[in-house]
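# Chains, contacts and geometry: an overview
Residues per chain, in single letters:
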Amino acid sequence: MLTDTHTGLDFPQGTWWKPAHKSEKVWVAIAFVWCMVLFAMMPLWHWKGGQNPSGIRRTTTPADFMARVTEFTNQYKVGEDRGLPIVAPPPGADVYLVAYSFQWSPILKLQKNVEYTLHLSSLDVNHGFSLYPINVNFQVVPGYDYGLRVTPNAAGDFRIICNEFCGIGHHIMVGRVMVDDAPSVASLGGVR
Amino acid sequence: MSAATAPLAPIETAVFRTCPATGRRIDLSAERLVKVHAVSSVVSLLVGAVAAVLLVLTRWQAVHLLPAEWFYRILGVHGMSMLIFFIIFFEMAVLIFASTALLNARQVATKTAWAAFALMLAGALVVEWMMWSGNADVLFTSYVPLRADPKFYLGVILFAVGALVTVGLFFANLVYAKREQRYQGSLPLVVYGAVTAAIIAVITLVHGAAIYIPTYLWSLGLMEVDPQIYRLIWWGLGHSSQQINVAAMVAIWYMLGALTVGSVVLNEKISRSAFVLYVLFISMASAHHLLVDPGMGPAWKIVNTSYFMYMAVLASMIHGFTVPAGMELGMRLRGFTQGMFDWLRRAPWGDPGFSALIFSVVVFGFVGGITGVTIGTEQINIIVHNTLRVPGHFHATVVSGTAMAFMGATYYLIPLIFRKKVAFWPLAKIQPYLFAGGMLIFTLSMTFAGSFGVPRRHWDISFSGAPFDVQFNPIVDVVLAVVALGGLLAATGAFAFIAIAVASVFFGEPLGTIPKGVVVAGIPQGLTQPPVHAADVDTRSRALHDASRGLMGPTPGTIALVFVFLAAFVLYFFVNWKVLSFLWRIG
């Protein structure tokens, strides 16, 4: 080699483990600090923030989960829409929502500012829970019961879109969640 | 370049030729292997690009071309053809090229190498056959228990075994090159990057075997596969394979930088350490696909996607500095020293190898990198998972980054390996602009549509036939039309590339010697006017590194650019937290 300077195609000679220029070191240090900020945000949000995908996670079987959905539906059913039961669980209840090709069941009627535990599972293949229009997304995996504590913060008529490909009818797999302006329930917990 | 100085081993077992442009010795059998892999790669790209056009014309609601069944089928074809066949065939070509031509070395065990290629080709053909015939409508991820014909899984396994053998031969080539003293000193940085890619490829392919072999047995009814375990191990393949791409792409960045503007390596220690970070940390980062899955707890998610992923992010941020800084310093050492950005202004923008390199770095970093790290955050993933933001991200990384780098490299491989002139030269000069421009529109608008909750892998967001109506914000229709237009522009760029590559390779004008100092249509500028540093390069380099130049050091332009990048990154990251904080409380 004639020079100390070389390209990435040349064979470095001798010891190439040499100190870097200060500007390069400073950038590496800044990048490292930024990566630590990225890291710190996740535990910090569990502690200070209100949106975390932790939930209660259990294994289940399609038959067991369907039995719970049926029991839940029968207990709190208040009506029907398009052949699907409308279910209005009391504040704080465990709420069961099942996905199967190509439907979400039942229709849920919830109250604003009230905490529920929403259990999601699938009877057949992977499905995607996407609450429209607020854009909350979770994976629904057969054999697993995902219990998420949710507190609606606005009233409205919401949709559940399946956003994991589950077969030819994937794009018609739409469910429904209604959230009512509740009577004052400030004491029931889950309030912002 | 002073590569031809390596002494030759006394016994020649291979037939070599000397490259007229670089003076390196090229093993003719390795050259043939590079050719077949590159051609297979471009053919796969053609299949994937045709599929892409059909897909964007379907998601454009006003056109809505394909019926549902064919949309999902073609989506599977697109994913496998692009992410697996196009990219991995090309990477095998890169590995063979790096371990032979760049080291003046020979290809060992050529018969085994051909057998491996045959396996890959057979696997690819079986998978394509299964998908086109409607026996594998399981899309790219093929999540169990969605079932495909067993031959589909078998095809994937054959392809992976072939690739694994080629990667093994790459390591063997390195060992023999050293043993036969084909070169003196250490491996060049570009080859070191290729080694990184190869190591990650082994990790990836082992995951592939660990999941596709049981899945094959499951499809035959011989065993059960847990859907969550499938997702976990599958992503050890699915995302790690994208890290082979990243490592290969960065290696090509260093190569194209050297060939087009005489990029220098600022510091071997820093650049090589960054490659080591990829090897150590990138595989576990695959966990970010499971952030809103029921199978793992928050501690598992945070550990795998933070410490481990962010050390790999650090590596990319390091390359994001050293690559442009290497270009800047290379240009300055050639006399382009005026001001902060004269080096960039005076760079060879008409050389498709250079423009492809620049767009690959910029779109990968600014769009792919920033969105990727942000959406790979545990909580932010709640507003991203399975929306169009995900393909928006990976079309910026894999397509605008990796594929673009491969395209740039091809413009140099055509004269160097195929010994042909690049056909349709005026088109070749604008092809990177077409492709990168289209991809930029495509990825940004896709990301925007995903922010409205538009799902990915979805045939009809007007939801006709669904039990309940879904009314997207009217702006979504406009955005999806823009997605389609960007996609069509990018596809035009891809077809232009394919036409150029095919015409050059099969019908191109043969190239004897590459004339120096003369502009020739069909030969990239980096070969006819190779970037040469000033004669007193070390003196100039020392002056540029002088302490009196302060913290901005030898590359002030790059320092300014990376801080623009950092500001964009910080802004995008925290805007996403702000958006998240408006949601329902979830825990």
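Keep in mind that this is a model prediction, so the values were computed, not measured.

Quick notes on the rules
Residues numbered from 1 in each chain as written. Chains lettered and ligands numbered in written order. Predicted model: local features only at pLDDT ≥ 70, side-chain atom pairs only at ≥ 80, totals over all residues. Heavy atoms only, no water. Helix = DSSP H or I, 4+ residues; strand = E, 2+ residues; numbered from the N terminus. Contact = heavy atoms within 4.5 Å. Buried area = accessible area lost by both parts, 1.4 Å probe. Salt bridge = Lys/Arg side-chain N within 4 Å of Asp/Glu carboxyl O. Polar contact = N/O pair within 3.5 Å; in protein donor to acceptor, adjacent residues only side chain to side chain. Nonpolar A, V, L, I, M, F, W, Y, C, P; charged D, E, K, R; others polar. Pairing = 2+ DSSP bridges. pLDDT = per-residue confidence, 0-100. Phe/Tyr/Trp six-rings, centres within 6.5 Å; stacked < 30°, edge-to-face > 60°. Lys NZ or Arg CZ within 6 Å of the ring centre and 35° of its normal. Expected span 1.5 Å × (residues − 1). Bend = angle between axes of the 7 residues up to and from the residue. Buried < 20%, exposed > 50% of the residue type's maximum accessible area, 1.4 Å probe, protein only. Axes fitted to C-alpha atoms, helices over the stretch in contact; angles between N-to-C directions. Core = buried A, V, L, I, M, F, W, Y, C linked by side-chain atoms within 4.5 Å. Parallel < 35°, antiparallel > 145°, perpendicular 65-115°, else oblique.

Further remarks concern the side chain of N245 of chain B. Here N245 of chain B lies in helix α7 (residues 240–261). Setting aside residues up to four positions removed in sequence, N245 of chain B forms contacts with I87, E91, V398 and T402 of chain B.

The subject of this paragraph is the interface of chain B and chain A. In this complex, chain B contributes 124 residues to the contact, which on the side of chain A involves 92 residues. Around 9,400 Å² of area is buried between chain B and chain A when both sides are counted, 68% of it from carbon and sulfur atoms. Considering only the surface of chain B that becomes buried against chain A, F468, W584 and R585 of chain B emerge as the three largest contributors, covering 11% of it. Applying the counting criterion to the chain B and chain A interface returns 2 salt bridges. R457 of chain B is paired through a salt bridge with E164 of chain A; the nearest N and O atoms lie 3.5 Å apart. For the pair chain B and chain A, the number of links is 40 residue pairs in polar contact (both at pLDDT 80 or more). In terms of residue class, the side of chain B that touches chain A is built from 71 nonpolar, 35 polar and 18 charged. Bridge analysis of strand β10 (residues 144–151) of chain A against strand β3 (residues 585–586) of chain B gives 2 bridges, and the strand direction is antiparallel. Its bridge partner being in β3 of chain B, T151 of chain A is matched across the sheet by R585 of chain B.

The next thing to look at is the confidence of the model for chain B. Residues and elements named next belong to chain B. Of the residues in chain B, 98% have a pLDDT of 70 or more, and the chain-wide mean is 94. Here strand β1 (residues 16–18) stands out as the least confident element of chain B, with mean pLDDT 89; helix α3 (residues 110–132) is the most confident, with 98. Under a pLDDT of 50 for its full length, residues 1–6 has, in the predicted model, 13 contacts with residues more than four places off or in other chains. Confidence metrics for the complex model read pTM 0.95 and ipTM 0.93.

Below, the discussion takes up the packing of aromatic side chains. If you walk through the whole model with that rule in mind, you get 45 aromatic pairs over all chains. Look at W234 of chain B and W235 of chain B: their rings are 4.6 Å apart centre to centre, the planes differ by 90°, and that puts the pair in the edge-to-face class. Through a chain of ring-to-ring contacts, three or more aromatic side chains come together here, namely W34 and W45 of chain A together with F366, F565, F569, F573, F574 and W577 of chain B. Its end group placed over the ring of F16 of chain B, R25 of chain B keeps NZ or CZ at 4.1 Å from the ring centre. Stacked on the ring of W16 of chain A, the Lys or Arg R272 of chain B has its end atom at 4.6 Å from the ring centre.

Okay, helix α12 (residues 352–375) of chain B next. All names here are of chain B. The end-to-end C-alpha separation of α12 is 32 Å, in line with the 34 Å expected for 24 residues at 1.5 Å each. Remark: the principal bend of α12, roughly 35°, maps to F364. Taking burial as the measure, the 24 residues of α12 include 21 buried ones, the bulk of the element. The opening residue of α12 is D351, an N-cap whose side-chain oxygen sits 2.8 Å from the backbone nitrogen of G353.

Below, the discussion takes up the pattern of salt bridges. Pairing between side chains of opposite charge can happen when their charged atoms approach one another. The full count for this structure, using the stated rule, is 24 salt bridges over all chains. Close ionic contact of E509 of chain B with K421 of chain B constitutes a salt bridge, the shortest N to O distance being 3.3 Å. Residue E509 of chain B is found in the loop between α15 (475–507) and α16 (525–528), and its partner K421 of chain B is found in the loop between α13 (389–416) and α14 (425–451); the two are separated by 88 residues along the sequence. Given the relative accessible area of 48%, E509 of chain B is considered partly exposed. With a shortest N-O distance of 2.9 Å, D536 of chain B and R540 of chain B are connected by a salt bridge. Classification of D536 of chain B as partly exposed rests on a relative accessible area of 37%. Residues participating in the shared-partner salt-bridge network are D81, R82, D157, R159 and R176 of chain A together with D469 of chain B.

Every α-helical turn comprises 3.6 residues, leaving residues that sit three or four positions apart pointing alike. All names here are of chain B. Compared with an ideal rise of 1.5 Å per residue, which puts 30 residues at 44 Å, helix α4 (residues 150–179) spans 44 Å between its outermost C-alpha atoms and is within 8% of the ideal. Residue D149 occupies the N-cap position of α4, its side-chain oxygen lying 2.8 Å from the main-chain nitrogen of K151. Directly beyond the C-terminal end of α4, a positive phi value near 50° is found at Q181.

So, on to the sheet that holds strand β11 (residues 156–162) of chain A. Residues and elements named next belong to chain A. Taken in spatial order, the 7 strands line up as β2-β3-β6-β12-β11-β8-β9 in an open sheet, and their pairing is mixed. The open sheet has two edge strands with one neighbour each: β2 (77–81) and β9 (136–140). Each strand of the sheet is rotated relative to its neighbour by a mean of 25°, with strand direction disregarded. Of the pairings in the sheet, the one linking strand β8 (residues 127–132) to β9 comprises 5 bridges and is antiparallel in character. Note on β9: the bridge partner recorded for L131 is V136.

Residues and elements named next belong to chain A. Of the two faces of strand β3 (residues 84–87), the one lined by L84 and I86 and the one lined by P85 and V87 are each fully buried. Of the strand pairs in this sheet, β2 and β3 are connected by 4 bridges, and their pairing is antiparallel. Residue pairing across strands places E80 opposite P85, the latter belonging to β3. Taking the residues that link successive antiparallel strands as the turn, the β2-β3 hairpin has 2 residues, and the phi of R82 there is positive, at about 50°. Note: β3 against strand β6 (residues 107–111), 2 bridges, orientation parallel.

Counting 268 residues, the largest nonpolar core has F129 and F138 of chain A together with F152 and M317 of chain B as its most contacted members. In terms of residues, this core owes the most to one element, helix α2 (residues 68–100) of chain B, which gives 23 residues. With residues near it in sequence (within four places) discarded, F152 of chain B still touches V127, M130, M131, A136, V138 and S142 of chain B.

Another point: unusual backbone geometry. Residue F102 of chain A follows S101 of chain A across a cis peptide bond; omega there is 0°. Looking at the secondary structure, you find F102 of chain A in the loop between β4 (94–100) and β5 (103–105). A cis geometry characterises the amide bond from V144 of chain B onward to P145 of chain B, with omega recorded as 5°. Summarising the element assignment, P145 of chain B is placed in the loop between α3 and α4. The backbone phi angle of N113 of chain A is positive, close to 65°, even though this residue is not glycine. Checked against the element boundaries, N113 of chain A lands in the loop between β6 and β7 (116–122). Positive phi is not limited to glycine here, since R457 of chain B has a value of about 45°. Relative to the helices and strands, R457 of chain B is located in the loop between α14 and α15.

All names here are of chain B. Between α2 and α3, the least distance of the axes is 9 Å, while the angle of their chain directions is 170°. By the angle between their directions, the pair α2 and α3 is classed as roughly antiparallel. Across from W70, R73, I74, G76, V77, M80, S81, F85, I88, F89 and M92 in α2, the residues of α3 making contact are F117, M120, L121, A124, V127, E128, M131 and W132.

Okay, the environment of K421 of chain B next. All names here are of chain B. The exposure class of K421 is buried, given its relative accessible area of 18%. As for K421 and G238, which are separated by 183 residues in sequence, their C-alpha atoms are 37 Å apart. Not counting the four nearest positions on each side in its chain, K421 is found in contact with I414, S504, G508, E509, L511, V520, A521, G522 and I523.

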